[in-house]
Amino acid sequence: MAKTTQFRTCPTTGLKVDLAAEKLIKANAVVAVVFLAIGGLFGLLVALTRWPAVHFLPADWFYLALTAHGFDVLLVWIIFFEMAVLYFASSVLLGCRLATPRWAWAGFALMLIGAVVTNIVVLQGQSSVMFTSYVPMKAEPGFYLGIILFAVGALIGCFVFFGTLVVARQEKTYQGSVPLVTFGAITAAIIAVFTIASGAIILIPTLLWSVGLVSHIDPLVYKTIWWAMGHSSQQINVSAHVAVWYAIAAMVLGARPISEKVSRMAFLMYILFLQLASAHHMLVEPGFSSEWKIFNTSYAMYLAVLGSMIHGMTVPGSIEAAQRARGLTKGLFEWLRKAPWGNPAFAGMFMSLVFFGFIGGISGVVMGTEQINLIMHNTLYVPGHFHGTVVAGTTLAFMAITYLLVPLIFRRELMFRKLAQWQPYLFGIGVAGISVFMMGAGTLGVSRRHWDMTFADAQLPFDYPSAAFLMMGLNGIFAILASLGGILFIVIVVGSVFFGKKLAEDEKPSYPEMPPAAAAVAEHGSAGTLKIPGTVMLVGIFFVAFVLYYFVNWKYLSEVWPLS
Amino acid sequence: MAITPPPQRIWWKEPIAKVELSWIIIAFVWGLVMFFMMIYWHGAGEQNLSNEAYKITPERFAEKSQAMIDEYTVREENYFPVVHPPAGSDVYLIARLWQWWPILELKKGETYRLHLSSLDWMHGFSLQPVNINVQVHPGYEMVVTIKPDQAGEFGIVCNEYCGLGHHLMVGKIYVVE
Ligand code: HEM
Ligand SMILES: [Cu+2]
Ligand SMILES: [Cu+2]
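Residues numbered from 1 in each chain as written. Chains lettered and ligands numbered in written order. Predicted model: local features only at pLDDT ≥ 70, side-chain atom pairs only at ≥ 80, totals over all residues. Heavy atoms only, no water.

### Topic: a nonpolar patch on the surface
Residues and elements named next belong to chain A.
Phase 1: On the surface, a cluster of nonpolar side chains totalling about 490 Å² of accessible area is made up of Phe416, Leu419, Ile480, Leu484, Ile487 and Val491.
Phase 2: Structurally, the position occupied by Ile480 is in helix α14 (residues 466-499).
Phase 3: Taking relative accessible area as the criterion, Ile480 reaches 35% and is therefore assigned partly exposed. (Patch = residues over 30% accessible without salt bridge, like charges linked within 9 Å, V, L, I, M, F, W, Y side chains within 5 Å. Areas by Shrake-Rupley, 256 points an atom, 1.4 Å probe, with all protein chains shown as cover. Salt bridge = Lys/Arg side-chain N within 4 Å of Asp/Glu carboxyl O. Helix = DSSP H or I, 4+ residues; strand = E, 2+ residues; numbered from the N terminus. Buried < 20%, exposed > 50% of the residue type's maximum accessible area, 1.4 Å probe, protein only.)

See the structure below:
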């Protein structure tokens, strides 16, 4: 490109920031947060409707709101934010100019147009098909068109990311290998390309079908390929939020990965085994063999799960090692007790790690077991599980890093600091609550995506146990907590971005605390002397919980009617 | 740090710490346990979903179901036929907007070959309060061998979203001694 690239140097981290990349990061992050606000509002309406004592929306609005909720938060919020993460991890971390900013803006525009189109079509009311849009239920053509435009835009973003990596390598803007966070982002982007290809394979024919050019789409084929997209995209989220964990641990505590080799290998496992993952959505469908289901649902013997379990030790382990190197060495947990719990970036990151593992991770593996899926499929257990992964995990991690992006990239002082300290707890605990209570209701059999658990107007009567009603009431209460946390986040971030005190070119932000790069804990000593007993304890607790919960569910399964 | 290139240029030759290696091994072995548990259950467990399924047209499935209904209906309830097929036989359950048709009456401790298919959109067979959940597709006939081991009245909720009447779609199975 003819125009010369302009850089500034970040006074806090010393990183060289390409101004074009910075603008794109801002735009993507702002749009992401706007859609989080819209989608979150729909989520609150849905939760209030599922609260039996409140039963807020009428049925048609409930299904509309649920469709909009799934689309706006799972796709639009997360993927826009991931675009910001990709540009950050390539251009900013490598100190390199962004390859073709114009293409990046084109991708951004397509994503935005697509998101708006699909939202308008959903709000018109004839497309309440849920974000999965299983055929033969038909939405208006604009519904699929919007999603396709959005996906094409995201694909362009991925290629700009890869292009930037190539430029950085050619122009030698860094020494040796790319940073671990960038490596994680590469994982996410590679998976994204596979994901979007699967999406195109299934959604383009579906669009043609909705306008009458294709006569029939097999529902089983649709569902299988749809989940090759739908599940892989969750692996993008995991890769991205694990990269964000490492980034926050590095920026707030100067933590260094215990072993570059192990952490990178764990990311690689996501790429190698994800194609198999769509199977765990097909465990109770007709027409698949058990061999296929077992091999695929376990991603060939749980090797992608192994990747996550490794990060589950290396992330807190690197934090513990950094804290101990600073002299917080008393007992098992001084390093954790004296961690910066008042720093929203750290608090959000650590809760994201714990909830993702304990709530989202364990429930996901249990539910994805071939036979156990029989007692959970399509119950509220499913949304319970993924609010543990994609909300308490991904969303909370993204919120946490936003507290660093506001001062570093938007160059504004954070406003409402007291509220910011509380925000991750409010949101985290609220979301942990809705996850657990939806899982509880699901264990009692309550259906997901369902307007009336009393079946008041049905031709034949049926009653769920009263404990299920209690669960849904508690779910409503925690949904309000989570929503308050969400609103706080929006107010703090939007307020700061537009009205926060502007930072001068070489001025360091006063909050949240980030040690200067020089204070980074460069060494842990050799591998032989590494001491992380607190992390070993935490991981031990996790493992025991995992094993117990896994076998408890086999016990539940063994109590239902025999079938073969 | 994780946001800078690795300080050791040859990072892939650094030794792995013992705690990390132990955890990798434990997690890997646990993965194997979970993998083999599913296979083990196919031999030792009583709850395994069958893989028997056929392609079928909605018309043909409706015909086969109607034949069963004509032969074995014992009474009517709320305009639904209540069908009591012989133990061990093939029983049919139609999923359609927004009904599970007909009501089945089964005997406790006997096995039945339950055929499930949809005449229109996807539905979800959710037997409650037992909590067995199976997806029902149009165009595919799934055959599940079931053995009710409790007597009583059971609900069939639809747990795959199937349009505005989704929450009206409730069916019933009686299990008698
Ligand atoms: C204030 C925060 C939130 C609340 C109170 C909330 C609540 C809910 C509830 C009650 C359901 C409906 C379960 C059902 O009836 O099937 C639901 C579904 C869902 N939620 Fe959330 N949620 C929140 C935030 C999020 C976020 C941030 C994400 C994604 C990152 C998310 C992703 C989803 C998805 C994908 C579904 C499934 C939609 C479907 O079944 O089609 N939620 N949520
Ligand atoms: Cu239905
Ligand atoms: Cu339904």
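Continuing now.
### Some points on the coordination of the copper ion (ligand 3)
Residue and element names in this part refer to chain B.
Phase 1: Only Cys158 (SG), Glu160 (O), Cys162 (SG) and His166 (ND1) from the protein coordinate the copper ion (ligand 3), and they sit 2.0 to 2.3 Å from it.
Phase 2: Considering all 4 donor atoms around the copper ion (ligand 3), angles at the metal cover 91 to 123° and the coordination shape is tetrahedral.
Phase 3: Mapping the donors of the copper ion (ligand 3) onto the primary sequence gives the spacing C-x1-E-x1-C-x3-H.
Phase 4: Between the copper ion (ligand 3) and the copper ion (ligand 2) the interatomic distance comes to 2.6 Å, and Cys158 is a ligand of both metals. Like Cys162, the residue His166 is buried in the burial classification. (Donors = N, O, S within 2.8 Å, 3.2 Å for Na, K, Ca; no water. Tetrahedral: all angles 85-135°; square planar, octahedral: opposite > 155°, others 65-115°.)

### Focus: the pairing of strand β7 (residues 112-118) of chain B
Along a regular strand, successive side chains alternate from one face of the sheet to the other.
All names here are of chain B.
Phase 1: Counting buried residues along β7, 6 of its 7 residues qualify, which places the element largely inside the surrounding structure.
Phase 2: Where strand β4 (residues 90-96) and β7 come together, 6 bridges link them in parallel fashion. Along β7, the bridge assignment pairs Leu93 with Leu116.
Phase 3: Examined bridge by bridge, β7 and strand β10 (residues 140-146) share 5 bridges and lie antiparallel to one another. Note on β10: the bridge partner recorded for Leu116 is Met142. (Pairing = 2+ DSSP bridges.)

### Quick word on the interface of chain A and chain B
Phase 1: Facing the 109 residues of chain A at the interface are 88 residues of chain B.
Phase 2: Carbon and sulfur atoms supply 69% of the area that chain A and chain B bury against each other, a total of about 8,800 Å² over both sides.
Phase 3: Inspection of the chain A/chain B interface yields 2 salt bridges.
Phase 4: As a salt-bridge pair, B:Glu160 and A:Arg449 come within 3.6 Å of each other at their nearest N and O atoms.
Phase 5: In this structure, the connection of chain A to chain B is made through 37 residue pairs in polar contact (both at pLDDT 80 or more).
Phase 6: Looking at the side of chain A that touches chain B element by element, the count peaks at 11 residues for helix α15 (residues 533-558) of chain A.
Phase 7: Taken together, the residues of the side of chain A that touches chain B break down into 68 nonpolar, 25 polar and 16 charged. (Contact = heavy atoms within 4.5 Å. Buried area = accessible area lost by both parts, 1.4 Å probe. Polar contact = N/O pair within 3.5 Å; in protein donor to acceptor, adjacent residues only side chain to side chain. Nonpolar A, V, L, I, M, F, W, Y, C, P; charged D, E, K, R; others polar.)

### Observations regarding the side chain of B:His166
Phase 1: Following the sequence through the fold, B:His166 ends up in the loop between β11 (152-158) and β12 (170-176).
Phase 2: A residue is classified by how much of its surface remains accessible, and B:His166, at 0% relative accessible area, is buried.
Phase 3: There is a polar contact of 3.0 Å between the side chain of B:His166 and the backbone oxygen of A:Arg449.
Phase 4: Setting aside anything within four residues of it in sequence, one finds B:His166 in contact with A:Tyr63, A:Ser447, A:Arg448, A:Arg449, A:His450, B:Trp98, B:Cys158, B:Asn159, B:Glu160 and B:Tyr161.

### Digging into the sheet that holds β4(B)
Residues and elements named next belong to chain B.
Phase 1: Pairing in this open sheet of 5 strands is mixed, and the strands run β1-β10-β7-β4-β5 from one edge to the other. The open sheet has two edge strands with one neighbour each: β1 (53-55) and β5 (99-101). With strand direction ignored, the average angle separating the axes of adjacent strands in the sheet is 20°.
Phase 2: Lying on the sheet, helix α2 (residues 58-72) is in contact with β4, β5, β7 and β10; it crosses β4 at an angle near 125°. (Axes fitted to C-alpha atoms, helices over the stretch in contact; angles between N-to-C directions.)

### A word on the site of ligand 1
Residues and elements named next belong to chain A.
Phase 1: Taken together, 24 residues lie around ligand 1, and Arg50, His69, His387, Arg448 and Arg449 are the ones closest in.
Phase 2: Between Arg50 and ligand 1, the recorded distance is 2.9 Å, taken from a side-chain N or O atom to an oxygen atom.
Phase 3: For the shell around ligand 1, the secondary-structure elements that each account for two or more residues are α1 (19-50), α2 (59-92), α12 (381-408) and α14. (Near = heavy atom within 4 Å.)

### Here's the deal with the domain arrangement of chain B
Phase 1: Under the domain assignment used here, chain B contains domain 1 (11-44) and domain 2 (51-176).
Phase 2: For domain 1 of chain B versus domain 2 of chain B, the separation of C-alpha centres amounts to 41 Å. (Domains from an automatic or database assignment.)

### Some words on the sheet that holds strand β6 (residues 103-107) of chain B
All names here are of chain B.
Phase 1: Strand order in the open sheet made by the 7 strands is β2-β3-β6-β12-β11-β8-β9, with mixed pairing throughout. Edge positions in the sheet fall to β2 (73-77) and β9 (132-136), since each of these pairs with one other strand and no more. Across this sheet, the average inter-strand angle for adjacent strands is 25°, counted without regard to direction.
Phase 2: Sheet topology note: the β11/β12 ladder contains 6 bridges and is antiparallel. Bridge assignment links Val157 to a residue of β12, and that residue is Val170.
Phase 3: Sitting on the sheet, α2 touches β2, β3 (80-83) and β6, and the angle it makes with β3 is about 75°.

### Quick word on the nonpolar core
Phase 1: With 265 residues, the main nonpolar core has A:Ile248, B:Trp100, B:Leu104, B:Phe125, B:Leu127 and B:Ile132 as its most contacted residues.
Phase 2: Among the elements that make up this core, the one with the highest residue count is α2(A) (25 residues).
Phase 3: Structurally, this core is a two-domain feature, drawing no fewer than three residues from each of domain 1 (11-44) and domain 2 (51-176) of chain B.
Phase 4: With near-sequence residues (within four places) excluded, B:Leu127 lies in contact with A:Trp561, B:Ile132, B:Phe154, B:Gly155, B:Ile156 and B:Ile173. (Core = buried A, V, L, I, M, F, W, Y, C linked by side-chain atoms within 4.5 Å.)

### Some details on the packing of helix α4 (residues 141-170) of chain A against helix α5 (residues 180-210) of chain A
Residues and elements named next belong to chain A.
Phase 1: α5 packs onto α4 with a crossing angle of 150° between their chain directions and a minimal axis gap of 9 Å. In terms of their interaxial angle, α4 and α5 are classed as roughly antiparallel. The chirality of how α4 crosses α5 is left-handed.
Phase 2: Looking at side-chain class alone, the contact of α4 with α5 contains 23 nonpolar, 3 polar and no charged residues. (Parallel < 35°, antiparallel > 145°, perpendicular 65-115°, else oblique. Left-handed = near helix turned anticlockwise from the far one by under 90°.)

### Digging into the environment of A:His377
Phase 1: Mapping A:His377 onto the fold places it in the loop between α11 (344-367) and α12.
Phase 2: A:His377 has contacts with A:Lys223, A:His281, A:Val284, A:Glu285, B:Asn133, B:Gln135 and B:Asn159, leaving out every residue within four places of it along the chain.

### Focus on the pattern of salt bridges
Phase 1: This model, assessed by the stated rule, comprises 19 salt bridges over all chains.
Phase 2: What you see here is one network of salt bridges that share partners, running through A:Lys330, A:Glu334 and A:Lys338.

### Some remarks on the pairing of β4(B)
Residues and elements named next belong to chain B.
Phase 1: Across the 7 residues that make up β4, a large majority, 5, are buried.
Phase 2: Of the pairings in the sheet, the one linking β4 to β5 comprises 3 bridges and is antiparallel in character. Within β5, the residue paired with Ala95 across the bridge is Trp100.
Phase 3: The antiparallel hairpin formed by β4 and β5 contains 2 residues in its connecting segment.

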